[in-house]
Amino acid sequence: MDFLGILNSTAGFILAPVTIAYALAALGLAVHFGFAGLLNMGMAGFMALGAYGYAIGILSFGLPWYLAALVGLGAAVIFALILGIPTLRLRGDYLAIVTIASAEILRLLFLTKVFDEYTGSADGLFSYNGEFQESNPIPAGTYGFPPFEDTAAMWWVRIVGIIILAVATFAVWRLVNSPWGRVLKGIREDEDAIRSLGKNVFTYKMQALIIGGVLGAMGGLVLAMSSNVNQGQYVTSLTFFIWTALLLGGAATVFGPLVGSLIFWVLQAFLGLLFPALAEQGLLFGLSSIQAAQIKFIIVGVALVLIVVFRPQGIFGNKKELTFVR
Amino acid sequence: MSGNATPSSTPVKSTGLHIGDAAPGVAKKDPILVAHGIKRQFGGLTAVDVAHVEIPRNAITALIGPNGAGKTTFFNLLTGFDQPNEGDWSFDGKSLKGVPSFKVARMGLIRTFQLTKALGLLTVMDNMKLGNTGQRGEKLLSSLIPALWKKQDAEIEVKAMDLLTRFKLDAKHEDFAASLSGGQRKLLEMARALMTDPTLVMLDEPMAGVNPALTQSLLDHILDLKTQGMTVLFVEHDMHMVRHIADWVIVMAEGKVVAEGAPDEVMKNPAVIDAYLGSHQDVDLGAVTGRITLPETK
Amino acid sequence: MENTTVKRGRAARLFAVMATTALSLGVLLMAGPATADTVNDEMPYKVSGNVQNNGAPLAGVSINVSGNGINADVLTDAEGKWKVGVSEKNAAYTVTLDESTLPDGVVVVDNPETADIVEGAVMEVQVGPGGRVTMNYFIGKGERVVTSMVDQVVQRLISGVNFGLMLALAAIGMSLIYGTTGISNFAHAEMVTFGALGAFVLSELGAPIWLAIIAAIVLSGLFGWGLDAAIWAPLRRRNTGLVQLMIVSIGLSLAVRYTYQLFIGGGTEQLPGADSPKIKLFGSVALSWIDMASMAISILLIAAFAWWLMFTRMGKATRAISDNPGLAAASGINVDSVVRVVWIVGATLAGFSGILWAYFRPGIRWDMGGQILLLMFAATTLGGLGTAWGALVGSLIVGVLVEASTLVIPSDLKYVGALVILIVILLFRPQGILGRKERIG
């Protein structure tokens, strides 16, 4: 078994675009759930909008890549408004069901043949990153050292992704440590109390929904920049994985989602390589290596249960500042 | 009888608040809040059916009545937390019909809740700061630039610390509100309400669940509000507290206002005794309904 | 009104993927059709594919590729493979599969989930600037028939009621669990899959199907008991919050779902009898005896459940707890033991629903429960969360809506209709059809 090889490939995920994308989406979920108490179970939908908005903007409307990216983020704003105006008045678990259903509706709309011309239906969209890569200032070639060795194209995706993530994290950190964030946390605790103090609770919740949704769309954007866009990526499980990453790090923290995503992906990559390798050695009770690759998902589920029950504040959360108020 | 529930000094009562005989719906010389024809039904049940009531300005008015009389529902209706099926009501001459609760609060009508709503996972200081209105840093875009709100926030902190000192919570300003006792939370909630600089303070059972050691200071604080020019309307079960600090008493039963008047007179009103006790007259209401010794928790 | 439509293939599905890859650069034209497994081979860029029937190659299927001066017919070889040279990139080609050359009873369907037949089996292939494009055809069992509009509506309604009853079995349990414990149980999907998987595994082990089904239902009940004893009861004792419980159910759902996949893999399996023939009732309305048995047993089970809920001591206690847990506990009802029974009943009904779902789809997959989870939520919410009868009514509405909506909207959007209704209901009547307003807020 090539243990060093596994560690090497695992380390590569520390800077992978998918890790950055998860971190952005988990940060958005932290704004939603950790700070505003909104149970958004439709993060995959926001991410899909970011990715599809970007790809469709380029392919169907011929926009420059940065404007196409704004189309994706704008789509997330509109989705948040459509979702929020009627549902933010509903009780928490209703919001969860509405958001999960809305995200699934979006996915089915991307899957259907009716809009095949724009969405590519089951095939998804590809070959739209040309212009984005033309803006790449790095000369073609391979850079870095193992395990962080990659093409100029991938480095460009990473650099753009990390810049987006850094700006987003700084903005969220500023927001939640401001009086605005104080009101948001107050709403999480008891929105009637905040209302009785003269704050427009609905506006704050809507702002939080939009900000978190745009962060999710940024995650989808980074994913789209690094590979193809396919509705199969934006399934309900993606939302659940991002929840796991968020809760792992700590929902009511700014840096928890980042570290949570990092741990999530490093562990995913490590286990996803380790178990098949063990299976090939016949060390896993005769499981095939394909079967063994499923074990990591089982572990995600079990981990989610254990975190929520035994360490709901996450790794970095303050024990006193638990987010599970209700 | 217990001396716990009396203020430290004899309060100065406001008198001559009404015009004509003290009957339900009597007009006031200077009403701050006027409600007319308020009706609220849940299913087939009428919870509130108030024909007319006026709350006098710069006085302490008590709203009393047996359980299920509709006092809290009436509070919710007046403050926009619930909408009546019909009726009009106005605050300082401005109609409040259809005005959402947060706008009611911004007009200077602040309420507290029967079950305290201290924000447990925020610090005491953050709880206080939330009460302040017109904060620049609470706007989304300016919150991103601390230079725009830091100075105002520091001023708010001074004001909050001042109030916390008055309410003897200053030592706890860094603690999470969840760590406070039930009575301290009531105090915090009241102090937080004062951060908004209200003109009318509506307190829903301010004494419920408060440690006897704290009741005295709570009563003093309520009397203070009047001296500072505010108007107080409060729901209470404790008749001794009502007698000692209220200038005017409104009695509700089965959703209706059944009596109004100065505290000492209204207690003798047969309609009130009926409402509380049926036909058992000549019973000191305080001995029956008041909590002679107040329980630590609800 | 006569209308050419298609009937869903209800039996063991044949499933073929034709992967089409087009690489292109120069222009070489070739006119005239030819029949071979490789056509226009002299062109450097190819459209190729592989027609398989659930892993077994389909030989001799005729495929036509046209556009940009190309019009070539090709037949799949013994391995199901075919190849056509094409001329240009950034161009569209039309690929047509001649269904008359498919084996009897097999047609092209739009996707393996819904298995609705595609008209004409024509697909557009866009060769992009990258020169790579992947095109999928799915092939499923079915036949082309001419059906009158009335027959179509009747067929869809019957199908919808069948689907709705199946959904109700799952949704009632979900609703009961929500009513008594407050949990929005995402793992209910896995309880549905459990029944179907249990029946499949037992019948693979040699049990006759009737015994396998009965045993699977009993095992489902035990599964519910086990989940409660191992997870939910301890969490109740810890006074875990509702949001936490919901997320626990999500984690549980993921863990159990992927455990299923670990054991049965990502493919589709069939229960014995899944390809039973259809019996013509009237016009062109036809049902298999499994469909009829499915509806009959659903109705019997729901009736038995109704009797249990209305007239037994345990059923009354369950309703009391749903109404007011505090009061029920104060009046001497052992909430914990009632909740445990609710989990057992819910899991039993869900397991049975899973077996019916396996016949309805048809097929058993590791994530088959997850495919109807949102419809269950839609049904329970529609009827009123926490009310058993609401879940029944909601399920029937969702079932009929999903099936009937394919008459007017594309079948790959049929679940969208149900989910949109779910959201609309939540906006205008959040308490559902049969729910009471006080439950909200």
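Above this text sits the structure in question.
Attention in this report is confined to the structure presented alongside it. (Residues numbered from 1 in each chain as written. Chains lettered and ligands numbered in written order. Predicted model: local features only at pLDDT ≥ 70, side-chain atom pairs only at ≥ 80, totals over all residues. Heavy atoms only, no water.)

Broken down by element type, chain A carries 15 helices and two strands. Against the globule reference of 20 Å for 326 residues, chain A gives a C-alpha radius of gyration of 20 Å, in line with a compact fold. Its C-alpha atoms give chain A principal-axis dimensions of roughly 60 × 50 × 35 Å. Counting over 326 residues, chain A shows a buried share of 63%. Considering only intrachain contacts with a sequence separation of at least 6, the fraction spanning at least 24 residues in chain A is 74%. A total accessible area of about 11500 Å² is found for chain A, and carbon and sulfur atoms account for 69% of it. (Helix = DSSP H or I, 4+ residues; strand = E, 2+ residues; numbered from the N terminus. Rg over C-alpha atoms; globule rule 2.2 N^0.38 Å. Buried < 20%, exposed > 50% of the residue type's maximum accessible area, 1.4 Å probe, protein only. Contact = heavy atoms within 4.5 Å. Areas by Shrake-Rupley, 256 points an atom, 1.4 Å probe, with all protein chains shown as cover.)

A few words on the interface of chain B and chain A. Frequently, the measure chosen for interface size is the accessible area removed from exposure when the parts meet. Each side of the interface is counted separately: chain B has 33 residues, and chain A has 31 residues. Carbon and sulfur atoms make up 66% of the surface buried where chain B meets chain A, a total of about 2700 Å² over both sides. Taken as a group, Leu-121, Glu-138 and Leu-140 of chain B account for 23% of the area that chain B buries against chain A, more than any other trio of residues on that side. If you look at where chain B meets chain A, you find three salt bridges. When the shortest N-O distance is used, the salt bridge between Lys-199 of chain A and Glu-138 of chain B registers 3.1 Å. On the surface where chain B and chain A come into contact, there are eleven residue pairs in polar contact (both at pLDDT 80 or more). Elements represented by at least two residues in the side of chain B that touches chain A include exactly α2 (101-106), β6 (109-111), α3 (124-131), α4 (140-143) and α6 (182-194) of chain B. Of the residues belonging to the side of chain B that touches chain A, the class tally is 15 nonpolar, nine polar and nine charged. (Buried area = accessible area lost by both parts, 1.4 Å probe. Salt bridge = Lys/Arg side-chain N within 4 Å of Asp/Glu carboxyl O. Polar contact = N/O pair within 3.5 Å; in protein donor to acceptor, adjacent residues only side chain to side chain. Nonpolar A, V, L, I, M, F, W, Y, C, P; charged D, E, K, R; others polar.)

Quick look at the packing of aromatic side chains now. Tallied over the full model, the rule gives 29 aromatic pairs over all chains. With a centroid separation of 5.9 Å and 20° between ring planes, the pair formed by Phe-132 of chain A and Trp-156 of chain A is classed as stacked. Taken together, the residues span a long stretch of sequence, with Phe-132 of chain A in helix α7 (residues 130-134) and Trp-156 of chain A in helix α8 (residues 152-176) at a distance of 24 residues. When its relative accessible area of 0% is taken as the criterion, Phe-132 of chain A is described as buried. With a relative accessible area of 13%, Trp-156 of chain A lands in the buried category. Ring centres of Trp-232 of chain C and Trp-343 of chain C lie 5.2 Å apart, and the angle between their planes is 5°; on these two criteria the pair is classed as stacked. With Trp-232 of chain C in helix α3 (residues 209-237) and Trp-343 of chain C in helix α8 (residues 335-360), the pair connects residues that are 111 residues apart, well separated along the chain. Trp-343 of chain C sits in the buried class, given a relative accessible area of 0%. Every member of this aromatic cluster is reached through a ring pair, and the members are Phe-13, Tyr-22, Phe-241, Phe-264, Trp-265 and Phe-297 of chain A together with Tyr-258 and Trp-366 of chain C. The ring of Trp-155 of chain A carries the charged tip of Arg-158 of chain A above its face, separated from the ring centre by 4.9 Å. The ring of Phe-113 of chain B has Lys-117 of chain B sitting right over it, with the charged end atom 4.9 Å from the ring centre. (Phe/Tyr/Trp six-rings, centres within 6.5 Å; stacked < 30°, edge-to-face > 60°. Lys NZ or Arg CZ within 6 Å of the ring centre and 35° of its normal.)

So, on to the environment of Thr-165 of chain B. All names here are of chain B. Along the polypeptide, Thr-165 turns up in helix α5 (residues 150-166). Its relative accessible area of 41% is what places Thr-165 among the partly exposed residues. Polar side-chain contacts of Thr-165 include one of 2.5 Å to the backbone oxygen of Met-161.

Another aspect to go through is the packing of helix α2 (residues 188-204) of chain C against α8 of chain C. Residue and element names in this part refer to chain C. Contact geometry for α2 and α8: axes closest at 6 Å, N-to-C directions at 60°. When the axis of α2 is compared with that of α8, the two are oblique. In terms of crossing hand, the pair formed by α2 and α8 is right-handed. When α2 is examined against α8, the residues His-188, Met-191, Val-192, Gly-195, Ala-196 and Ala-199 are found in contact with a partner set consisting of Trp-343, Gly-346, Ala-347, Ala-350, Gly-351, Ser-353, Gly-354, Ile-355, Trp-357 and Ala-358. In terms of residue class, the contact of α2 with α8 is made up of ten nonpolar, six polar and no charged. (Axes fitted to C-alpha atoms, helices over the stretch in contact; angles between N-to-C directions. Parallel < 35°, antiparallel > 145°, perpendicular 65-115°, else oblique. Left-handed = near helix turned anticlockwise from the far one by under 90°.)

In this section: helix α9 (residues 179-189) of chain A. Residue and element names in this part refer to chain A. In terms of burial, α9 is largely enclosed, as eleven of its eleven residues are buried. Within the span of α9, buried status applies to Pro-179, Trp-180, Gly-181, Arg-182, Val-183, Leu-184, Lys-185, Gly-186, Ile-187, Arg-188 and Glu-189. The opening residue of α9 is Ser-178, an N-cap whose side-chain oxygen sits 3.1 Å from the backbone nitrogen of Trp-180.

Residue and element names in this part refer to chain B. Relative to the 22 Å expected for 16 residues at 1.5 Å per residue, helix α7 (residues 212-227) spans 24 Å between its end C-alpha atoms, a close match to the ideal helical length. Those residues of α7 lying buried are Thr-215, Leu-218, Leu-219, His-221, Ile-222, Leu-223, Leu-225 and Lys-226. Elements in contact with the buried residues of α7: β3 (60-64), α5, α6, β7 (200-204), β8 (231-235) and α8 (239-245). (Expected span 1.5 Å × (residues − 1).)

Turning to the pairing of strand β16 (residues 285-288) of chain C, a few remarks are in order. All names here are of chain C. Neither face of β16 is exposed, since Val-285 and Leu-287 on one face and Ala-286 and Ser-288 on the opposite face are all buried. Bridge analysis of strand β15 (residues 278-282) against β16 gives four bridges, and the strand direction is antiparallel. Residue pairing for β16: Lys-280 is matched across the bridge by Ala-286. (Pairing = 2+ DSSP bridges.)

Let us now look at the pattern of salt bridges. As enumerated under the stated definition, the model contains 28 salt bridges over all chains in all. Note that Arg-195 of chain A and Asp-192 of chain A form a salt bridge whose closest N and O atoms lie 2.8 Å from each other. Placement of both Arg-195 of chain A and Asp-192 of chain A in helix α10 (residues 191-196) is noted, with a separation of three residues, approximately one turn of the helix. Each member of the salt-bridge network shares a partner with another, and the members are Arg-182 of chain A together with Lys-129, Asp-153 and Glu-157 of chain B.

What follows deals with the interface of chain C and chain A. Contacts between chain C and chain A engage 50 residues on the former and 49 residues on the latter. Across the interface of chain C and chain A, roughly 4200 Å² is buried in total on both sides, 75% from carbon and sulfur atoms. For chain C, the biggest contributors to the area lost against chain A are Ile-247, Tyr-258 and Leu-262 of chain C; these three give 15% of the whole. At the boundary of chain C and chain A, one finds zero salt bridges. The tally of links between chain C and chain A comes to five residue pairs in polar contact (both at pLDDT 80 or more). Elements supplying a minimum of two residues to the side of chain C that touches chain A: α4 (242-264), α9 (368-383) and α11 (414-428) of chain C. Per-element tally for the side of chain C that touches chain A: the top contributor is α4 of chain C, with 17 residues. Residue composition of the side of chain C that touches chain A, grouped by class: 33 nonpolar, eleven polar and six charged.

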